[in-house]
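Report on the structure
Below are the chains, spelled out letter by letter.
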Amino acid sequence: MNQPKLHVLLLAILASLVLAPAALAQRETHNLNLDWRLHVGDPSRADARDFDDSAWKLVTLPRAWNEDDAFSKDIKDHSTGVAWYRKHFTLTAAQLDNTKIFIEFEGVRQAAEVYVNGKHVGRGENGIMAFGFDITGQLVAGENIIAVRTDNAWDYREKETNQRYQWADKNFNANYGGITKNVRLHITKKLYQTLPLYSNLKTTGVYIYAVDFDIKNRAATIHAESEVRNETGKSQAALYTMEIPALGVKVSAAAPVNIAPGETAVLKASARAKNIDFWSWGHGALYDVRTTISVAGKTVDTVTTRTGFRKTEYANGMITLNDRVIQMHGYAQRTSNEWPAIGASVPAWLSDFSNGLMVESGGNLVRWMHITPWKQDVESCDRVGLIQAMPAGDSERDVTGRRWEQRVEVMRDAIIYNRNNPSILFYESGNNGVSEAHMIEMRALRDKYDPHGGRASGSRDMLNSKIAEYGGHMLYINKSARIPFWQMEYSRDEGLRKYWDDYSPPYHKDGDGPLYRNAPAAVYNRNQDSHAIENIVRWYDYWRERPGTGRRVNSGGTNIIFSDSNTHHRGSENYRRSGEVDAMRIPKDGFHAHKVMWDAWVDIERPAAHIIGHWNYAPGTVKNICVVSSADAVELFLNGKSLGRGAQSHRFLYTFENIAWQPGELRAAGYDTAGKKVTEAVIQTAGEPAALRLKNIGKANYHADGHDLALVEFEVVDADGRRCPTALDLVEFELDGPAEWRGGIGHGRADNYILSKTLPVECGVNRVLIRTTRQPGAITLRARSGSLRSATLTLHSVEYPSHNGLAALQPAPEIALPDRGPTPAGLSYKISRTPVGVVSVRAGSNAADAAKSYDDDETTAWTSANDLAGAWIEYTLERPAKLDEITLRLTGWRQRSYPVSITLDGVEIHRDATPKSLGYVTLAVKPAVAGKVVRIELQGSSEARDAFTMSEVAAKENASTGADKIGGKTLSIGEVEFYEILK
């Protein structure tokens with residue numbers, strides 16, 4: 001069936017759901033997003049039923065009232081204030097007959113006062129999580145009106161306590177105000193399964209989980225538990241049934257459970273399931289689980305929960321998914337996940353598009369930052385197969401009193417709301433470390449509300465916590481043989497997609513632009529070449545300590561950030577440009593670098609290559625060409641002629657120096673250790689700009705719901721249709737038909753061209769967004785620029801059915817999703833080196849602390865006296881060993897270099913100053929014979945000087961290496977490891 005016909009069929013199904021028979025057979029769930037009235041301001045009596053809102057702006061939710069600010073203003077300048085939303089809808093007498101009716105808000109920023117037919121029914125204030133109200137008694141047959149007063153003041157205070165919220169922060173939490181997430185209406189019988197809305201309903205809903213996994217034979221035991229409430233006024237004998245149609249599972253509880261009037265009970269059922277397609281990285285295998293309550297053989301209530309099943313383990317410093325070790329590589333992404341002139345409130349397909357790109361780039365994890373992601377992003381990650389780390393709400397530090405209570409409440413609500421989403425593997429208790437007492441409290445929430453979900457409870461740091469189940473520093477490399485450590489943020493540099501390199505227009509060299517806090521500007525104003533190379537170098541720090549490299553390993557890290565974000569920034573633009581894609585999700589070269597390096601669970605699985613940059617230069621240009629590749633060797637060819645093999649560094653980076661440009665084809669061939677070609681990459685010279693080209697990036701058809709968005713790419717191409725990579729032309733647009741222009745983003749104007757119908761291409765390409773209206777029809781976009789051949793594109797929006805102001809939930813997915821296939825069988829890594837243990841230690845000074853240098857606790861260290869005579873330590877190994885490498889975590893690792901001599905049974909095997917690092921240094925040694933006693937001795941004063949500029953980080957973070965606490969004649973070791981490389 002072709003896509004347009006399928007789309008029509010789906011809409012017909014939606015219409016049949018909306019226009020269901022008047023009598024309520026069982027639960028109804030309605031999309032309440034359509035046709036709200038919006039007014040920015042605080043008019044009197046706006047809550048009243050008879051208030052005249054006919055002159056207010058007609059909008060479809062989700063909709064930030066200040067969406068125009070997104071990327072046009074600095075985060076600190078986002079518009080704040082009061083805005084009202086009003087919704088008219090009609091209910092029949094049958095829908096009100098002996099039923100319960102609930103309204104669910106996925107989230108409002110910052111606070112919402114909710115009124116139904118003029119009566120105040122409740123308040124939501126935290127600006128993050130979903131909340132709901134029982135509005136049964138406030139509704140009438142006929143027209144009903146919901147009015148919501150929103151307030152997104154930065155300094156909003158909780159009404160009952162007068163306490164501000166820690167996460168209302170002008171650094172990271174972009175302030176898109178109003179009803180920015182979906183709204184639903186639920187109608188049930190009075191014996192019903194509750195909603196997972198602890199605020200304000202105090203209910204927990206349905207919980208689905210699997211245990212007793214047999215991954216090889218694709219089997220597990222599936223459990224369903226539903227909180228059921230009886231408000232019928234009499235006892236009910238409720239029989240509980242779980243059904244998974246796709247797995248052929250249908251099982252009922254052994255007997256009905258008698259639930260007294262006003263009582264809430266938890267009903268349960270379980271069954272062994274076979275032929276399960278387990279959820280995995282890049283494989284969003286999901287199932288609909290139907291849980292049903294029946295009384296005397298008659299169905300009363302059915303809830304369908306979409307979920308997936310996967311097995312997890314967090315032990316031995318590693319993370320295991322479906323019995324296979326996986327090293328985390330992905331992104332620390334702002335939870336707003338925003339787009340220009342829209343903010344966070346995009347249609348579900350666009351969430352899938354954006355989150356799917358993380359998977360396409362090789363990412364397996366998104367660490368949402370500071371606050372819980374909205375349900376749409378959570379469900380999107382389920383579909384695309386992207387692991388999530390879910391925070392609650394915080395800023396940059398632990399807190400106490402009411403502010404901590406607020407964080408606990410948000411985590412409780414988030415766990416309950418999202419515990420059936422298989423992509424969530426981590427509950428993050430803080431963007432920074434929390435106290436052990438607070439970690440106990442957070443883990444207890446997990447144990448109470450999600451004891452069987454296979455999720456780890458932890459936080460940033462927590463390096464010596466006895467309670468946290470994972471941890472890891474923000475900036476530095478941590479290793480463990482106990483709980484997994486993965487780094488929460490790394491590679492913080494920034495750079496616009498507009499800048500290729502030093503040799504391409506607009507000729508932006510690293511460092512062009514203003515300084516930031518007296519730091520070198522280069523790291524905050526990079527071009528694509530150097531930004532991609534920095535990403536390669538930084539990832540190598542993690543990859544070289546991966547599983548298989550010893551008893552103590554690193555479990556990966558998340559690069560900050562995935563897409564450019566209208567949050568904390570340090571360059572000349574008013575937004576952060578650290579993304580591997582820009583704000584319109586157009587890839588930068590860093591995206592392709594990650595795609596090469598990350599295309600594996602741990603060790604390299606599928607060799608790949610990417611040539612960094614383009615091949616359109618002025619005659620006489622000579623430059624270094626860099627190739628990122630997972631092959632073992634790379635050869636470069638220009639128009640078929642070999643330019644030799646590149647110098648390899650940081651495992652994945654191959655550099656070819658002083659390559660003279662010639663028009664034509666540049667090809668990189670990658671070889672394995674046997675010399676067999678295993679991959680190649682090609683770039684070509686494009687001709688002179690000849691035409692514009694428009695391309696619909698999204699769906700074949702769009703919903704005429706006033707919310708759907710079309711994403712259109714525009715390019716400058718040559719006569720053969722090849723993109724011109726150095727084009728910077730201004731393009732003018734005309735839009736006709738039932739659509740609203742939202743535009744895109746460009747550079748060179750203070751407002752970044754937000755909402756402008758004139759936009760530049762950058763590196764030959766850019767994109768725009770067009771929003772549908774409530775009217776269906778053909779939408780025509782025309783583009784022109786100077787002498788270039790113009791382009792025209794026609795899109796189609798189709799009617800979105802509704803009845804009495806209610807609509808069915810939109811189907812998902814609506815676009816093709818990435819699929820890496822099920823979890824591969826077999827090990828994901830080979831053991832590359834063997835650790836040799838220590839049985840005893842002695843030291844020239846402070847000998848009582850000597851064992852702290854190999855205790856698998858990075859918060860402890862042995863530190864000698866500030867005297868060269870005592871600056872030595874000696875280890876007796878568990879067996880004679882011919883060592884190949886010694887790995888050290890030295891105090892002040894980023895800032896201090898130690899001149900050391902290392903001997904094995906008295907024979908010197910290494911002498912040099914240790915390099916500065918982001919955590920660990922590995923020293924190659926070449927002993928002639930095996931030995932048992934290793935002596936490490938300081939040979940002179942250590943040098944203290946910053947090696948890695950991190951000036952945007954707080955002073956306490958800069959000091960956290962401990963470099964300022966030791967003397968120049970001191971040797972200080974946090975961890976030491978001894979290795980033999982397997983030949």
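Here, the structure is the one placed above.
Quick look at the structure, then. (Residues numbered from 1 in each chain as written. Predicted model: local features only at pLDDT ≥ 70, side-chain atom pairs only at ≥ 80, totals over all residues. Heavy atoms only, no water.)

1. Concerning the overall build of the protein chain
Threshold: By definition, any uninterrupted DSSP run of H or I lasting at least four residues is a helix, any uninterrupted run of E lasting at least two residues is a strand, and each is numbered from the N terminus. Both definitions apply: the radius of gyration is a C-alpha atom measure, and the globule rule equals 2.2 Å times residues to the power 0.38. When a residue's accessible area, from a 1.4 Å probe over protein chains only, is under 20% of the maximum for its type it is buried; when over 50% it is exposed; and in between it is partly exposed. Two residues form a contact once any of their heavy atoms are found within 4.5 Å. Surface accessibility in these figures is a Shrake-Rupley result with a 1.4 Å probe; residues are shielded only by whichever protein chains are displayed.
Along its length, the protein chain carries 10 helices and 58 strands. Over its C-alpha trace the protein chain gives a radius of gyration of 30 Å, about what one expects of a compact globule, namely 30 Å for 983 residues. Along the first, second and third principal axes, the C-alpha atoms of the protein chain reach 90 × 75 × 55 Å. Put simply, the protein chain has 983 residues, and 63% of those count as buried. Here the analysis covers contacts within the protein chain between residues at least 6 apart in sequence; of these, 73% occur between residues at least 24 apart. Of the roughly 34,400 Å² of accessible surface on the protein chain, 49% is carried by carbon and sulfur atoms.

2. Considering the sheet that holds strand S30 (residues 609-611)
Inclusion rule: The pairing criterion for strands is at least two bridges between them, as found by DSSP. In this analysis an axis means a line fitted to C-alpha atoms, helices contributing only their contacting stretch, and an angle means the value between N-to-C directions, from 0 to 180 degrees.
Ordered by their spatial adjacency, four strands build an open sheet running S30-S31-S35-S34, and the pairing between neighbours is antiparallel. On the outer flanks of this sheet lie S30 and strand S34 (647-649), each paired with one strand and no other. Each strand of the sheet is rotated relative to its neighbour by a mean of 25°, with strand direction disregarded. Direction of pairing for S34 relative to strand S35 (residues 653-660): antiparallel, over a ladder of three bridges. By the bridge assignment for S35, Ser649 is matched with Leu653.

3. Structural notes on the environment of Ser530
Operational definition: Pairs of N or O atoms are called polar contacts if they sit within 3.5 Å, as long as, within protein, a hydrogen donor faces a hydrogen acceptor (for residues adjacent in sequence, only side-chain-to-side-chain pairs).
Following the sequence through the fold, Ser530 ends up in helix H8 (residues 528-543). In the structure, Ser530 is positioned 135 residues away from Ser395 in sequence and 31 Å away in space, judged by C-alpha atoms. A polar contact is formed between the side chain of Ser530 and the side chain of Arg526, at a distance of 3.3 Å.

4. Overview of helix H4 (residues 348-360)
Selection criterion: Multiplying 1.5 Å by the residue count of a helix minus one yields the expected span of that helix.
Taking 1.5 Å as the rise per residue, H4 with 13 residues should run 18 Å; its terminal C-alpha atoms sit 18 Å apart, in good agreement. Counting buried positions along H4 gives 12 out of 13 residues, so the element sits mostly inside the fold. By the burial criterion, the buried members of H4 are Ala348, Trp349, Leu350, Ser351, Asp352, Phe353, Ser354, Asn355, Gly356, Leu357, Met358 and Val359. Following H4 by one or two positions, Gly362 has its phi on the positive side, about 95°.

5. Notes on the sheet that holds strand S20 (residues 312-315)
The strand order across the open sheet formed by three strands is S20-S21-S22, and the pairing between neighbours is antiparallel. What marks the edges here is a single partner per strand, and that holds for S20 and strand S22 (324-325). Sheet topology places S20 next to strand S21 (residues 318-321); four bridges connect them, and they run antiparallel. Within S21, the position partnered with Tyr314 by the bridge is Ile319.

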